[in-house]
Amino acid sequence: MKIKHIEAIAVSLPMLKPVRMSFEEVRSANNALVRIETDDGIVGWGEAASAPTMTGETMAGMVAAIRYLAPLLEGMPADDIAAVMTRAERYLHANHAAKSTLEMALYDALGRATGKPVFDLLGAKRRGRVPVLRMIGTGSTASDIAEAQRSKAGGFVAFKIKVGVAEPLEDADRTRKVCDVLGDGVLICADANQAWSAEQAVVYVRAVENTALDFFEQPVAGHDLEGMAKVAAASRISIGCDEGLHSMEDLRRHHAARAARGGSLKTIKLGGMKPVYDAALLCEELGMKINLACKIAESSIAAAAMLHIAAAIPSMDWGISLSNQYLKDDLLLQPLVFAKGHAEVPAGPGLGIEVDEAKVRKYAQKI
């Protein structure tokens, strides 16, 4: 089975409502898709969100990178994913998000060719249903409280509060009120997306010390390991790394510096599904907690890939963040099964999904 054709497709997907983050307000999902066709007619799909502040890649840049690599990879064995990705690495430095779309599509195609779900190609199925983190980030305390109440009533058991959009004490007050509404027995985290200095983040963690917050993600700039360690030393709440995590070595560095007790693992940062799986095994070895995450806002293609990783890794202490739930329209013929705050792992071959190519063309952007 050889790679016959690699197609890069830019899409802009409508969202239910804007998502406010520390550096930006996301109003539409600008993503890159890969459609790989093998010489025996099998089609595999991959996806990555553009995340300039996290990976340095734009939608146009990812499409350009995939188109650059396509003629170098076409003709290679589609079932030797490691060899294909080694060649991609040799010819193009970095560009992890773009490369992750290729790797994801190859796993989808290989699973379809062998009749196996991707979780079996990665390891073995450990779970078939996972709790999904519900994002709370409407921009106002009253709206956040209302959103938290609705989501908990709908069965959600895991929540992420977006902070870093105001001064630390103001965000701490909002965090406390949301935590009070959610009560005990649920997972609650906050995410600052690099918004604060170490000093500001320490003010925040001390102000939320007695809340039910389980972990606090990326309070300072991703490169500021010393700042992360300072916040971690000042906090009872576990600190997690996200924008500062792009490799296995980054995990080891945060662990050695006592700068984080866990990390957010994304295919766009680490370069694919297998690198995320391997990073999860390293976290298990180091005793670090794991959050699996899609970027705002990836469709159910990337969500399905993340669910297959979730099925195979040893543990998932900090839940999974899927962002397809924030889209007004999606790209599958049949939606992923999602109910009462939990998502089911697709069980069919490959990613276990069927992409609606008419929808892909509808939302395609010319690059």
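Above: the structure in question.
A brief report on the enclosed structure follows. Here the structure is a predicted model, which means the values were calculated and not measured.

**Describing the packing of aromatic side chains**
In total, this model carries five aromatic pairs according to the counting rule given. Taking the centre distance of 6.3 Å and the plane angle of 55° together, the rings of Trp-196 and Phe-216 count as tilted. With a gap of 20 residues between them, Trp-196 in the loop between strand E7 (187–191) and helix H7 (198–207) and Phe-216 in strand E8 (residues 215–217) connect regions that are remote in the sequence. We note that Trp-196, like Phe-216, is buried. For the pair Phe-215 and Trp-318, a centre-to-centre distance of 3.9 Å together with 5° between the ring planes defines the contact as stacked. Taken together, the residues span a long stretch of sequence, with Phe-215 in strand E8 and Trp-318 in the loop between helix H12 (300–312) and strand E12 (320–321) at a distance of 103 residues.

**A word on the pattern of salt bridges**
Inspection of every chain in the model, using the stated rule, returns 26 salt bridges. The partner of Glu-89 in a salt bridge is Lys-99, and the shortest N-O contact between them spans 2.8 Å. A residue pair is termed long-range when its members are at least 10 positions apart, and Glu-89 in helix H2 (residues 81–91) and Lys-99 in helix H3 (residues 96–114) qualify at ten residues. Using a relative accessible area of 41% as the deciding quantity, one classes Glu-89 as partly exposed. Judged by relative accessible area, which is 3%, Lys-99 ranks as buried.

**Digging into the packing of helix H6 (residues 168–182) against H7**
Two quantities define a packed helix pair, namely the angle between the helix axes and the distance between the axes. As a packed pair, H6 and H7 sit with axes 9 Å apart at the nearest point and diverge in direction by 30°. By the criterion of interaxial angle, the relationship of H6 to H7 is roughly parallel. For the pair H6 and H7, the crossing hand works out as right-handed. Here Pro-168, Leu-169, Asp-171, Ala-172, Thr-175 and Arg-176 of H6 come into contact with H7, specifically with Gln-200, Val-203, Tyr-204 and Ala-207. Residues that form the contact of H6 with H7 fall into these classes: six nonpolar, two polar and two charged.

**Brief notes about the sheet that holds strand E4 (residues 129–131)**
With antiparallel pairing, the three strands of this open sheet are ordered in space as E4-E14-E13. Looking at the sheet topology across the chains shown, the edges are occupied by E4 and strand E13 (338–339). Both E13 and strand E14 (residues 342–344) contribute to a ladder of two bridges, which runs antiparallel. Following the sheet pairing, Phe-338 is matched in E14 by Ala-343.

**What about unusual backbone geometry?**
For residues other than glycine, phi is negative in most cases, and the peptide bonds are mostly trans. At the junction of Ile-296 and Ala-297, the peptide bond is cis and its omega measures out at -10° in the coordinates. Turning to its location among the elements, Ala-297 is positioned in the loop between strand E11 (289–293) and H12. Phi at Asn-193 is positive, roughly 50°, even though this residue is not glycine. Looking at the secondary structure, you find Asn-193 in the loop between E7 and H7. Using a relative accessible area of 5% as the deciding quantity, one classes Asn-193 as buried. Although it is not a glycine, Gln-218 sits at a positive phi angle of roughly 40°. Locating Gln-218 in the fold gives a position in the loop between E8 and helix H8 (225–233). Given a relative accessible area of 0%, Gln-218 falls into the buried group.

Basis of the calculations
- Residues numbered from 1 in each chain as written.
- Predicted model: local features only at pLDDT ≥ 70, side-chain atom pairs only at ≥ 80, totals over all residues.
- Heavy atoms only, no water.
- Phe/Tyr/Trp six-rings, centres within 6.5 Å; stacked < 30°, edge-to-face > 60°.
- Helix = DSSP H or I, 4+ residues; strand = E, 2+ residues; numbered from the N terminus.
- Buried < 20%, exposed > 50% of the residue type's maximum accessible area, 1.4 Å probe, protein only.
- Salt bridge = Lys/Arg side-chain N within 4 Å of Asp/Glu carboxyl O.
- Axes fitted to C-alpha atoms, helices over the stretch in contact; angles between N-to-C directions.
- Parallel < 35°, antiparallel > 145°, perpendicular 65-115°, else oblique.
- Left-handed = near helix turned anticlockwise from the far one by under 90°.
- Contact = heavy atoms within 4.5 Å.
- Nonpolar A, V, L, I, M, F, W, Y, C, P; charged D, E, K, R; others polar.
- Pairing = 2+ DSSP bridges.

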